[in-house]
Amino acid sequence: MATSKRSPRTQSSAADPQRGSPQAMLARIQSLLPSMGAASQRIGEFVIRHPADVVHMSVSEVAERTQCSEGSVVGFCKLLGATGFQQLKIALAQQIVQPVQYIHEDLAAKDRPEQVVSKIFHSNIQTLQETESVLDVAALKAAVDLIRRARRVEIYGIGSSAVIAHDAHYRMLRIGLHATAVTDSHVQAISASLTGPDVAVLTISHSGSTHETVLATRLAKEAGARTICITNFGKSPIQEHADVVLHTMSRETRFRTEAMTSRLAQLAIIDTLIACLALSDYDKAVSTLRSTFDVLSNKRY
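Residues numbered from 1 in each chain as written. Predicted model: local features only at pLDDT ≥ 70, side-chain atom pairs only at ≥ 80, totals over all residues. Heavy atoms only, no water.

Caption draft 1: Spatial organisation of the environment of V214. Checked against the element boundaries, V214 lands in helix α12 (residues 211-222). A relative accessible area of 14% places V214 in the buried class. For the pair formed by V214 and Y156, sequence separation is 58 residues and the distance between their alpha carbons is 9.8 Å. Among all residues touching V214, those that are not within four sequence positions of it are G208, S209, P237, I238 and H241. (Helix = DSSP H or I, 4+ residues; strand = E, 2+ residues; numbered from the N terminus. Buried < 20%, exposed > 50% of the residue type's maximum accessible area, 1.4 Å probe, protein only. Contact = heavy atoms within 4.5 Å.)

Caption draft 2: Local environment of the packing of helix α10 (residues 160-174) against helix α13 (residues 261-280). At a minimum axis separation of 10 Å, α10 and α13 run at an interaxial angle of 15°. With respect to α13, the axis of α10 lies roughly parallel. As α10 packs across α13, the resulting crossing turns out to be right-handed. From α10, S160, S161, I164, D167, A168, R171 and M172 reach across to α13, where they touch R263, Q266, L267, I270, D271, I274 and L277. Partitioned by chemical class, the residues of the contact of α10 with α13 number seven nonpolar, three polar and four charged. (Axes fitted to C-alpha atoms, helices over the stretch in contact; angles between N-to-C directions. Parallel < 35°, antiparallel > 145°, perpendicular 65-115°, else oblique. Left-handed = near helix turned anticlockwise from the far one by under 90°. Nonpolar A, V, L, I, M, F, W, Y, C, P; charged D, E, K, R; others polar.)

Caption draft 3: How the structure looks around the pattern of salt bridges. Scanning the entire structure with this criterion turns up eleven salt bridges. Its salt-bridge partner being E114, residue R112 comes within 2.8 Å of it at the nearest N-O pair. Since its relative accessible area comes to 45%, R112 is described here as partly exposed. A salt bridge links R149 to D145; its shortest N-O distance comes to 2.9 Å. One end of the pair, R149, and the other, D145, are both in helix α9 (residues 137-149), four residues apart, so they sit about a helical turn from each other. In this structure R149 comes out as exposed when scored by relative accessible area, which is 53%. Taken together, the shared-partner salt bridges in this structure form one network comprising K221, R226 and D243. (Salt bridge = Lys/Arg side-chain N within 4 Å of Asp/Glu carboxyl O.)

Caption draft 4: Spatial organisation of the pairing of strand β1 (residues 152-156). With five of five residues buried, β1 is to be regarded as a mostly interior element. Burial of the side chains of β1 extends over both faces: R152, E154 and Y156 are buried on one face and V153 and I155 on the other. Bridge analysis of β1 against strand β3 (residues 199-204) gives five bridges, and the strand direction is parallel. Paired with I155 across the bridge in β3 is L202. Once you follow β1 into α10 and on to strand β2 (residues 179-182), the crossover reads as right-handed. (Pairing = 2+ DSSP bridges. Right-handed = clockwise from strand over helix to strand, strands pointing away.)

Read these as spatial facts, not as claims about activity.
Dropping the structure here:
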């Protein structure tokens, strides 16, 4: 992608896209457009025309809308001094998102506790209902089949998704599956590269754009493992490396790094997946559950 050299002053001003007003970010894009290559110009013009839409989009969706590659979108962000697409979205969000929405999408700064209760519970209920509506039963059956045919299961998650990965690991152990949760990014990469056709990989990523989990899933796929991904509805880079995709539906905007309602949707899918796995080998699952229940009973008074 052809670009012209920027002056030291331009580079310095772009070093942190979160400094200054969001309008300054859009102005910066406008001022740099003439020096950009054709692909970057298309991306820049799209961002200028649709900043509110971009905040809610994944890097894959922007690439598709601008007829560019995902690498071109990331390269465009770096031309502005951002580390990547996520940082650009944070800068753009400052002009359209109230600070309280970083806590939760539906809250207002002066909400009373009873309003917080009502809004958050309603949001969680809506997320579960919408996730049920988009969950592909055929994909769920395919995921069950892949896991059942695998010798072992590796589960990947980073950040808030790591907690979900550990829960999935625990639940699989309870029904007698050989599973491991891998939540360190370095160990993920090594472990994924050492998988093979007898391994099923379950990756959990709300955005589907986290570098570590996308890389681990790609490495596992290249090593011959069968890959399953739980991610939010819409296009994202991780889906390119997934044999099976199980979608959540969370209304949270993707500039947030710690999704809240999305975790409930992910847990609901894990619960459903575990139940289907248990029913697919009913006698063994029940026997293992009874055995592990007896073991755990020693932990209680």
